[in-house]
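Below are the chains, spelled out letter by letter.
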Amino acid sequence: MHTSLSEKFGIEYPVFGFTPSEHVAAAISRAGGLGVLGCVRFNDPEELEAVLSWMDENTDGKPYGVDIVMPAKVPTEGTSVDLESLIPAEHRAFVDRTLAELGVPPLDSGAEHATGVLGWLHSVARSHVDVALNHRIALIANALGSPPKDVIDQAHEKGVPVAALAGAVEHARRHVANGVDIVIAQGYEAGGHTGEIASMVLIPEIVDAIGDSAAVLAAGGIGSGRQVAAALSLGAAGVWMGSYWLTTSEYKLGSASSEGPSAIQRALLGATSADTVRSRIYSGKPARLLKTKWTDAWSKPDAPAPLPMPLQNLLVSEAHQRIAASENPDVVAMPVGQIVGRMNEIRPVAEVMDELVEGFDSAVSRLDTLR
Ligand SMILES: Cc1cc2nc3c(=O)[nH]c(=O)nc-3n(C[C@H](O)[C@H](O)[C@H](O)COP(=O)(O)O)c2cc1C
């Protein structure tokens, strides 16, 4: 499994793993891939600073990256506008009513209320870049557009390549024109924010459109060595996986106890590839989520239309906190892709990586016999 990108980053396998968990990201890098830590959840740059110091010490000197979220269309910044006042009362009433109907208890008295995700405001994302560039990061990736030109320049000055996700050919062309080094071609089946074109169609389209001007990572629906082999056959120089790491034993985010699978993981383990939905209810932009009673409630005729980013996440942030605390797998609010149908056991990252490599080898050997 050697490609131009495994060579460029000095990694054993061109397997790039996006994850919001530093424990998973470090394990991916230690296992020979490139762990990429999602920074959007860090509202406080000091917390990110501490986590990246931990990453520096727990990756055995292997490279790792960070992922930031700077939407090309800048959402209203919190500094000049009271965002909370822009949320209609009808929406708040719907959330309260739905949580009551689903039996989600209020937070314990004294519990700190979540402020919502602020990491996709440019001011906060810029603080992520400033912090990250003082650590030994090997990559900055950005979701929802190219990062601004000065951020790309800032990374390049430190010798750090920049990647950006693309859900359509025109996004990929724009990234290349803006100076992005690696395009992540992410198909419809992916977890999180995603476009409307399936990986099978999108990956070769983007590879052909951008030629040698940037390397392409394939994303969306990858969870086996056969799928890695397919992605490389389509012209990608590596894969970018997000959902599959959520059922690794190192993933503990959103879990009340360190023992056994969390409610989120139990919900994921039981889901089939048909149990996801693409909806604006998480962030205000279309994102693929696990289909649960919470997502079902938002698709009923009495549900209001989701608000634009960043208001929708502010609206549901306390609901997400209450849902997480309730530990009920039927009412989970969680991004995940269609590959969830293959996520059927909790395993360490290293075991997942071994299986990807073995599966890739046997897929390639099998193809060899077909010539
Ligand atoms: C729980 C979760 C959170 C995600 N959050 C982000 C994010 O903050 N930034 C980003 O660039 N991509 C994010 N993504 C998308 C992943 O980077 C990746 O492109 C996607 O998961 C690939 O498709 P797959 O889910 O089929 O592996 C997220 C995906 C998941 C499952």
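Higher on the page you've got the structure.
How each quantity is defined
- Residues numbered from 1 in each chain as written.
- Predicted model: local features only at pLDDT ≥ 70, side-chain atom pairs only at ≥ 80, totals over all residues.
- Heavy atoms only, no water.
- Pairing = 2+ DSSP bridges.
- Helix = DSSP H or I, 4+ residues; strand = E, 2+ residues; numbered from the N terminus.
- Axes fitted to C-alpha atoms, helices over the stretch in contact; angles between N-to-C directions.
- Near = heavy atom within 4 Å.
- Polar contact = N/O pair within 3.5 Å; in protein donor to acceptor, adjacent residues only side chain to side chain.
- Areas by Shrake-Rupley, 256 points an atom, 1.4 Å probe, with all protein chains shown as cover.
- Nonpolar A, V, L, I, M, F, W, Y, C, P; charged D, E, K, R; others polar.
- Salt bridge = Lys/Arg side-chain N within 4 Å of Asp/Glu carboxyl O.
- Buried < 20%, exposed > 50% of the residue type's maximum accessible area, 1.4 Å probe, protein only.
- Expected span 1.5 Å × (residues − 1).
- Arc of directions from axis to C-beta.
- Lys, Arg positive; Asp, Glu negative; His and termini not counted.
- Contact = heavy atoms within 4.5 Å.
- Parallel < 35°, antiparallel > 145°, perpendicular 65-115°, else oblique.
- Core = buried A, V, L, I, M, F, W, Y, C linked by side-chain atoms within 4.5 Å.
- Patch = residues over 30% accessible without salt bridge, like charges linked within 9 Å, V, L, I, M, F, W, Y side chains within 5 Å.
- Charge placed at Lys NZ, Arg CZ, Asp CG, Glu CD.

What about the sheet that holds strand β5 (residues 162-166)?
Read once around its circumference, the closed barrel built from 8 strands follows the order β1-β2-β3-β4-β5-β6-β8-β9, with strand pairing classed as parallel. Between one strand and the next, the sheet's axes are offset by a mean angle of 25°, whatever the strand orientation. The pairing of strand β4 (residues 139-143) with β5 spans 3 bridges and is parallel. For N142, the partnering residue across the bridge sits in β5 and is A164.

Looking at the site of the ligand
Around the ligand, the surrounding shell holds 17 residues, and the nearest of these are D67, Q186, G221, G242 and S243. Taking D67, its side chain carries an N or O atom lying 2.7 Å from an oxygen atom of the ligand. S243 places a polar side-chain atom, nitrogen or oxygen, 2.5 Å from an oxygen atom of the ligand. Relative to its unbound accessible surface of 600 Å², the ligand loses 93% to contact with the protein. Residue classes in the shell around the ligand are distributed as 10 nonpolar, 6 polar and 1 charged.

Here's the deal with the pattern of salt bridges
Evaluated as defined, the whole model comprises 9 salt bridges. D153 is the salt-bridge partner of K149, the closest N and O atoms lying 3.0 Å from each other. Note that K149 and D153 are positioned in helix α6 (residues 149-157) at a spacing of 4 residues, about one turn of the helix. A relative accessible area of 55% places K149 in the exposed class. What makes D153 partly exposed here is its relative accessible area of 30%. Measuring nitrogen to oxygen at the nearest pair gives 3.0 Å for the salt bridge that ties R371 to D368. Of the residues examined, R371 reaches a relative accessible area of 82% and is grouped as exposed.

A closer look at helix α3 (residues 45-57)
Across its 13 residues, α3 extends 19 Å between first and last C-alpha, which sits within 8% of the 18 Å expected from 1.5 Å per residue. All of the buried residues in α3 are L48, V51, L52 and M55. In a view along the axis of α3, the buried residues occupy a sector of 100°, so they form one face of it. When the buried face of α3 is taken as reference, the exposed residues oriented beyond 90 degrees from it are E46 and E57.

What about the sheet that holds strand β7 (residues 192-193)?
As summarised here, the arrangement of the 3 strands in space is β7-β11-β10, forming an open sheet in which the pairing is antiparallel. Every interior strand has two partners, whereas the edge strands, β7 and β10 (276-279), have only one. Relative to strand β11 (residues 287-290), β10 runs antiparallel, the two sharing 4 bridges. Looking across to β11, one finds that S279 is bridged to A287.

As for the side chain of D67
By secondary structure assignment, the location of D67 is in strand β3 (residues 64-69). Buried within the structure, D67 lacks any salt-bridge partner; R41 is the closest side chain of opposite charge, at an N-O distance of 11 Å. If near-sequence neighbours (up to four positions away) are discounted, D67 is found in contact with F18, V36, L37, G38, C39, V40, A141, N142, L165 and W240.

Some words on the packing of helix α5 (residues 122-132) against α6
Two packed helices can be described by the angle between their axes and the distance between those axes. Two numbers describe how α5 lies on α6: the axes approach to 11 Å, and their chain directions differ by 10°. In this view, α5 runs roughly parallel relative to α6, as classed from their interaxial angle. Two secondary-structure elements touch here, α5 through R126, V129 and D130 and α6 through D150, V151 and Q154. For the contact of α5 with α6, the class distribution of residues is 2 nonpolar, 1 polar and 3 charged.

Describing the nonpolar core
Judged by nonpolar contacts, the single largest core of 50 residues is most densely connected at V15, I206 and W245. Counting residues per element, this core draws most heavily on helix α13 (residues 349-369), at 7 residues. The residues touching V15, leaving out its near neighbours within four places in the chain, are M1, I28, G33, L34, V239, M241, W245, M353 and L356. Residues A26, L37, V129 and V131 belong to the second largest nonpolar core, which totals 27 residues.

Re the side chain of S21
In this structure, S21 sits in the loop between β1 (15-19) and α2 (22-30). When sequence neighbours within four positions are dropped, the list of residues in contact with S21 reads L37, E250, Y251 and L253.

A look at a negative patch on the surface
Judged by side-chain charge, E345, E351, D354, E358 and D361 come together as a negatively charged surface patch. Among the secondary structure elements, D361 is positioned in helix α13. D361 sits in the partly exposed class, given a relative accessible area of 41%.

Observations concerning the environment of V176
Within the secondary structure layout, V176 lies in helix α7 (residues 169-177). With 38 residues separating them in the primary sequence, V176 and A214 have C-alpha atoms 6.7 Å apart. In this structure, V176 is in contact with V183, I210, S213 and A214, ignoring residues within four places of it in sequence.

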